[in-house]
Amino acid sequence: MSPFLESVQQLLLRDLGKLETEITAYANTESLWLVRGEISNAAGTLCLHLCGNIQHYFGAVLGGTGYTRDRRAEFSRRDVPVAELVAQITAARRAVEVTFPHLDEQRLDVDYPEQVFEHPVSTRFFFIHLVAHLGYHLGQINYHRRLTD
């Protein structure tokens, strides 16, 4: 595996571990789903979204895992038990672990196979975007936990 792919994999796995730590650090399940004022996405919602994102873009699209994403449910489900959220994190971790050993450097500089933005982007660019996306929402979850617990 190329150094770039190894780095992306390590960052994803690291931050999925941090996601699990954050989700399990909530004092109670109710706090996971709390929204106030202009905060429209609870930590549980962001967790479901991140796990769906990774399982889809890495697992299904590149790894052929057969995962079927329900993005609408990621944002509409509520009161999902912590154990189910942790299971989703584990599934996202597995999608990364299964997919990355089969990726090669040549794949990185061609367009990502699914158009996500208004225009095609390279797989390398999209990987950087996905790592940043995970980190962004992970920070929101950390802040949410500290504000609500």
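Note that the structure is predicted; figures quoted are calculated from it, not measured. (Residues numbered from 1 in each chain as written. Predicted model: local features only at pLDDT ≥ 70, side-chain atom pairs only at ≥ 80, totals over all residues. Heavy atoms only, no water.)

Peer 1: How do you make sense of the overall build of the protein chain when you look at a structure like this?
Peer 2: Secondary structure summary: the protein chain contains seven helices and zero strands in total. For the protein chain, the N- to C-terminal ordering of α and β elements is α-α-α-α-α-α-α. For 149 residues, the compact-globule formula gives about 15 Å, and the C-alpha radius of gyration of the protein chain, at 15 Å, lands near that figure. Projected onto its principal axes, the C-alpha coordinates of the protein chain cover approximately 45 × 30 × 25 Å. Within the protein chain, the fraction of its 149 residues that count as buried is 43%. Expressed as a percentage of contacts within the protein chain between residues at least 6 apart in sequence, the contacts between residues at least 24 apart total 73%. As displayed, the protein chain offers around 7,800 Å² of accessible surface, 52% of which is attributable to carbon and sulfur atoms. (Helix = DSSP H or I, 4+ residues; strand = E, 2+ residues; numbered from the N terminus. Rg over C-alpha atoms; globule rule 2.2 N^0.38 Å. Buried < 20%, exposed > 50% of the residue type's maximum accessible area, 1.4 Å probe, protein only. Contact = heavy atoms within 4.5 Å. Areas by Shrake-Rupley, 256 points an atom, 1.4 Å probe, with all protein chains shown as cover.)

Peer 1: How should the layout of surface pockets be read in this particular structure?
Peer 2: If you roll a probe as big as a water molecule over the atoms, it shows you where there is empty space left. Put simply, the largest pocket is a space of about 150 Å³. For the largest pocket, the full set of lining residues is Ile39, Ser40, Asn41, Leu46, Gln140, Tyr143, His144 and Leu147. Broken down by element, the lining of the largest pocket gets its largest block of residues, four residues, from helix α7 (residues 123-148). When the residues that make up the lining of the largest pocket are grouped by side-chain class, the tally is four nonpolar, four polar and no charged. (1 Å grid on protein atoms, 1.4 Å probe; cavity = no way out; pocket = protein on both sides within 12 Å on 5 of 7 lines; lining within 4 Å. Points joined across faces, edges and corners; volume = space filled by probe spheres on them. Nonpolar A, V, L, I, M, F, W, Y, C, P; charged D, E, K, R; others polar.)

Peer 1: Explain the state of the cysteines here, please?
Peer 2: A disulfide bridge is the covalent bond that connects two cysteines by way of their sulfur atoms. Overall, the coordinates contain zero disulfides when judged by the stated rule. No disulfide involves Cys51; its nearest neighbouring cysteine sulfur is the one of Cys47, lying 4.2 Å away. (Disulfide = S-S within 2.5 Å.)

Peer 1: Would you take a moment to explain the side chain of Asp15 for this structure?
Peer 2: Along the chain, Asp15 falls in helix α1 (residues 3-25). Looking at Asp15, the relative accessible area reads 5%, which means it is buried. Reaching out from Asp15, the side chain makes a polar contact with the side chain of Arg14 at a distance of 2.9 Å. (Polar contact = N/O pair within 3.5 Å; in protein donor to acceptor, adjacent residues only side chain to side chain.)

Peer 1: Help me understand helix α5 (residues 82-99) in this model?
Peer 2: Within an α-helix, residues lying three or four positions from one another point in the same direction, as the helix has 3.6 residues per turn. Counted at 1.5 Å a residue, the expected span for α5 with its 18 residues is 26 Å, and the 26 Å between its end C-alpha atoms agrees. Listing the buried residues of α5 in full gives Leu85, Val86, Ile89, Ala91, Ala92, Arg93, Ala95, Val96 and Thr99. Summarising the contacts, the buried residues of α5 are in contact with α1, α2 (29-32) and α3 (43-60). (Expected span 1.5 Å × (residues − 1).)

Peer 1: When you look at the environment of Phe127 in this model, what are you seeing that I'm missing?
Peer 2: Turning to its location among the elements, Phe127 is positioned in helix α7. For Phe127, a relative accessible area of 1% puts it in the buried group. Sequence-wise, Phe127 and Gly59 are 68 residues apart; in three dimensions their C-alpha atoms are separated by 13 Å. Discounting residues that sit within four places of it in the chain, Phe127 has contacts with Phe4, Leu5, Val8, Phe58, Leu62, Phe100, Leu103 and Leu108.

Don't take any of this as a statement about function, it's just geometry.
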